[in-house]
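# Observations on the model geometry
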Protein chains: 2
Amino acid sequence: MSGAARPIGIFDSGLGGLTVLRELHRQLPAEDLIYFGDTARVPYGTKGARTVTAFARQDARFLLRQDIKLLVVACNTASAFALDDLARELPVPVLGVIEPGLAAARRSTRGGAVGVIGTRGTITSGRYQAGLAGWLDPARIVANPCPLFVSLVEEGLLDHALTELACAEYLAPLREAAVDTLILGCTHYPLLKPAIARYMGPEVVLVDSAEALASAVVAELDRGGLRREGAGEGRLAYYLSDLPWTFRTEGERYLGKPIDHVETVNLDELEAS
Amino acid sequence: MSGAARPIGIFDSGLGGLTVLRELHRQLPAEDLIYFGDTARVPYGTKGARTVTAFARQDARFLLRQDIKLLVVACNTASAFALDDLARELPVPVLGVIEPGLAAARRSTRGGAVGVIGTRGTITSGRYQAGLAGWLDPARIVANPCPLFVSLVEEGLLDHALTELACAEYLAPLREAAVDTLILGCTHYPLLKPAIARYMGPEVVLVDSAEALASAVVAELDRGGLRREGAGEGRLAYYLSDLPWTFRTEGERYLGKPIDHVETVNLDELEAS
C-alpha cells in the first residue's frame, strides 16, 4: 500500500483514547483509523514507569503489524513514560498527547498560572511541568493528580454530586492559584469538562488533549505528504485486549456513537511481540 | 520439604488481598505465607471472565513454583470466575473467598434479607447470589456492585465526604431491603467498614471475607494434617508484578504495618508460565 493510503494507529490503556479517535476522525474523515485499547491491563496511570513502558511497546508493535503510517499515543501516562523510546525505536512518526497539550496551553495563557491535572503516573513523571518550565516561571505552574476522575468517568458519573465533590477536592489548589489555563492531562477528563468548568469558572481555558493532538497529527501528515486523498470516509477498526463489562456503554460515551464491531486481541499474542 | 513445613500461597489482583494475609498471619502465626499481587494488571473486577481466568492461572502457577502446600485465592473476582478451574487443575487444595463468606452469612442472618456487594465482575458472575439461593428465598437476596469503592480505598479516602456519598449511592437498595447481613465481597471493602456501618446501621452484620477465609484455611490445614508446628513466627514474603506509586502507603493500610521487603516479578516470566 502506498504511504498515504496506510492507516493511522492509535493506542490507549483502555477506552478513554476513543475521545482522541473521535476528534481525529472529525478532523481527518478520509483517514483509516485503527484503535487498540489495552483493556486487559488498564489502567496505566497508577503503575510504574517500567511496566507502562513495557506495555506501550507491545501496544505499538501490535499496531505496527497493521502497516500503519503514523502512531498516536493517546494515553497521557504512556506518552509521559514511553514516547521518547517509541519515537527512537519505531520506523513511523510517533505523536503523543503531551507536546500538543503544552503548545495549546502556551497559546492560551494570558499571564496567569497554568495548571495541569492527570493520573498519578503522569503528574509524578513531571513531563508536563518540565515542558511548561521551558517558557513559564515555575512559580506559575500548578500540577495535581486526580486519581478518582478516571473511575467517575468510567462509571458515567459525569454530572453527579460525587463528581462535584471530587472536583472540589482535587481542583482547590488550582483555583486558589488562579490558573487561567488548565491542561486536562488524561483522555478521560474531557468528559468532565462541564463539571470542571463549573468549579473553575468560565474564564479558565480547559485544554483538551484530544483536540490539540488531532491538530498536531494533521500538521504531521501534511509535513510528510502522508495525507490520504479520496472522497470516501475512512474505515474505523477497534481492537481491545479484554471486553470489560461496561465496554459498550463506555465506548459510546467516549466515541459519541456505538462501536459497531470490536476484535479482541489475545494477550498471549500481544505479549509475545 | 515435608508437607506441613511448606508455605501457604496467597494471590490477589493487587494489594487488597493483604487484608487476607494479615488475618491468616493472625490466626496462623507459625505458617510461612507467600503473597503475590498482580499489581501490573490490577484491577480484575472490571474485566471479563476469560481475561480474569487467564490471569488467575498465571498467578497460581507462579506460587506453585514456590512449593506451596495450599493456595488461597484472596481476590473475589478471581474466586468467582476461576476457582473451579484452579481447584480441578492444581495439585494442592485451593480455597477462595466466596464459600467462606457465604457460610458466615448463613450463620449470621436472623431471618431478614442478605446483601452482597462487590466489583462489577463479582456481582455479574452471580456466584454469591447462586450460593445464597441454595438456602435462601431469592426474594431475600440483594446484590449491588460498588465500582468506586476500590478507588476510594486505594486513595485512602476511608473517612471522607466522598466515601459517605458513595455509600449512600450504592447501599441505598440494601438499606431499603432491610438486610440484616451484608457480605463485603471484595478484599478492599473491610477498610470501609466504619463508613458502611454508619450508613447501614449498627444492627447489620458485615461479613468480612478475610476473616471468614482465614478460618476456613485453619480448618483445611487441620483436616489435611498440614498445619506447621514450631514455636517460631512464620516468614512473610511479598511479590508484586509492578511497584505502583502508592504501594508503600497502600500496603501499610491493608497490612496494618509497613511491608519490609518486596520482590518484583517480571511480567514476561509470569506470562510465560
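Above this text is the structure in question.
Description of the structure in this document.

What counts and how
Throughout, a residue's number is its position along its own chain's written sequence, starting from 1. Each chain gets a letter, beginning with A, and each ligand a number, beginning with 1, in the order they are written. Side-chain atom pairs in this predicted model are given and counted only at pLDDT of 80 or more, local residue features only at pLDDT of at least 70, and totals for whole chains, interfaces and linings cover all residues. For the side-chain quantities, the full set of heavy atoms in the structure was used; hydrogens and water were omitted. Counting from the N terminus, the helices are DSSP H or I runs at least four residues long and the strands are E runs at least two residues long. The classification of residues rests on relative accessible area computed with a 1.4 Å probe and restricted to protein chains. Under 20% of the type maximum is buried, over 50% is exposed, and intermediate values are partly exposed. Between two residues, a contact is recorded if the distance between any of their heavy atoms is within 4.5 Å. To measure how exposed things are, a 1.4 Å probe is used in the Shrake-Rupley method; for residues, cover is taken only from the protein chains shown. Charge convention: Lys and Arg are scored as positive, Asp and Glu as negative, and His as well as the terminal groups of each chain are ignored. In plain terms, the charge of a residue is placed at NZ if it is Lys, CZ if Arg, CG if Asp and CD if Glu. Residues enter a nonpolar core if they are buried and are Ala, Val, Leu, Ile, Met, Phe, Trp, Tyr or Cys, with the set joined through side-chain atoms within 4.5 Å. Residues below a pLDDT of 70 in either copy are left out; the C-alpha atoms of the rest, at least 70 in both, set the least-squares superposition of the copies. What counts as an axis is a line fitted to C-alpha atoms, over the stretch in contact for a helix, and the angles between N-to-C directions run from 0 to 180 degrees. Throughout this description, any angle smaller than 35 degrees is read as roughly parallel, any larger than 145 degrees as roughly antiparallel, any in the 65 to 115 degree range as roughly perpendicular, and the remainder as oblique. Take the far helix as your reference; a near helix turned counterclockwise from it by less than a right angle gives a left-handed crossing, and one turned clockwise gives a right-handed crossing. For this classification, the nonpolar set comprises Ala, Val, Leu, Ile, Met, Phe, Trp, Tyr, Cys and Pro, the charged set comprises Asp, Glu, Lys and Arg, and every other residue, Gly included, is treated as polar.

Within chain A, the secondary structure is distributed over 12 helices and 10 strands. Of all 273 residues assigned to chain A, the portion counted as buried reaches 60%. Long-range contacts, defined here as pairs at least 24 residues apart, represent 77% of the contacts in chain A between residues at least 6 apart. For chain A, the exposed surface amounts to about 10100 Å²; the carbon and sulfur share of it is 50%. The distance from the centre of the 27 positive side-chain charges to the centre of the 34 negative ones in chain A is 3 Å.

With that settled, consider the nonpolar core. Ranked by size, the top nonpolar core spans 118 residues in total, and within it Phe149 and Ile196 of chain A together with Phe149 and Ile196 of chain B carry the most contacts. With seven residues, the single largest contributor to this core is helix α8 (residues 161-176) of chain B. Residues within four places of isoleucine 196 of chain B in sequence aside, it is in contact with Ile117, Phe149, Cys167, Leu171, Leu182, Leu184, Tyr189 and Leu206 of chain B. Ranked by size, the runner-up nonpolar core spans 56 residues in total, among them Phe62 and Leu267 of chain A together with Cys75 and Leu83 of chain B.

Moving on, we get to the relation of the copies chain A and chain B. One chain copy maps onto the other through a rotation about an axis and a shift parallel to that axis. Of the two same-sequence chains, chain A is brought onto chain B (RMSD 0.0 Å, axial shift 0.0 Å) by a rotation of 180°. When the rotation and shift are considered jointly, the pair of chain copies conforms to a two-fold rotation axis. Every residue of chain A has its C-alpha some distance from the rotation axis, and the shortest such distance is that of arginine 41 of chain A, at 2.3 Å. When the interface residues of chain A are mapped onto chain B, 100% of them again fall at the interface, so both copies present the same face.

A few words now on the environment of leucine 15 of chain B. All names here are of chain B. With respect to the helices, strands and loops of the structure, leucine 15 is situated in the loop between β1 (8-12) and α1 (18-27). For leucine 15, a relative accessible area of 5% corresponds to the buried category. The sequence separation of leucine 15 and glutamate 271 amounts to 256 residues, and the corresponding C-alpha distance is 20 Å. Setting aside chain neighbours within four positions, we find leucine 15 in contact with Tyr35, Thr39, Leu240, Phe247, Glu250, Gly251 and Tyr254.

Here we come to the packing of α1 of chain B against helix α10 (residues 209-224) of chain B. All names here are of chain B. Their axes nearest at 9 Å, the elements α1 and α10 cross at an angle of 45°. Overall, the two elements α1 and α10 adopt an arrangement that is oblique. For the pair α1 and α10, the crossing hand works out as right-handed. For the pair formed by α1 and α10, the contact residues are Thr19, Val20, Glu23, Leu24 and Gln27 on the first element and Ala210, Glu211, Leu213, Ala214, Ser215, Val217 and Val218 on the second. Among the residues making up the contact of α1 with α10, the classes are represented as seven nonpolar, three polar and two charged.

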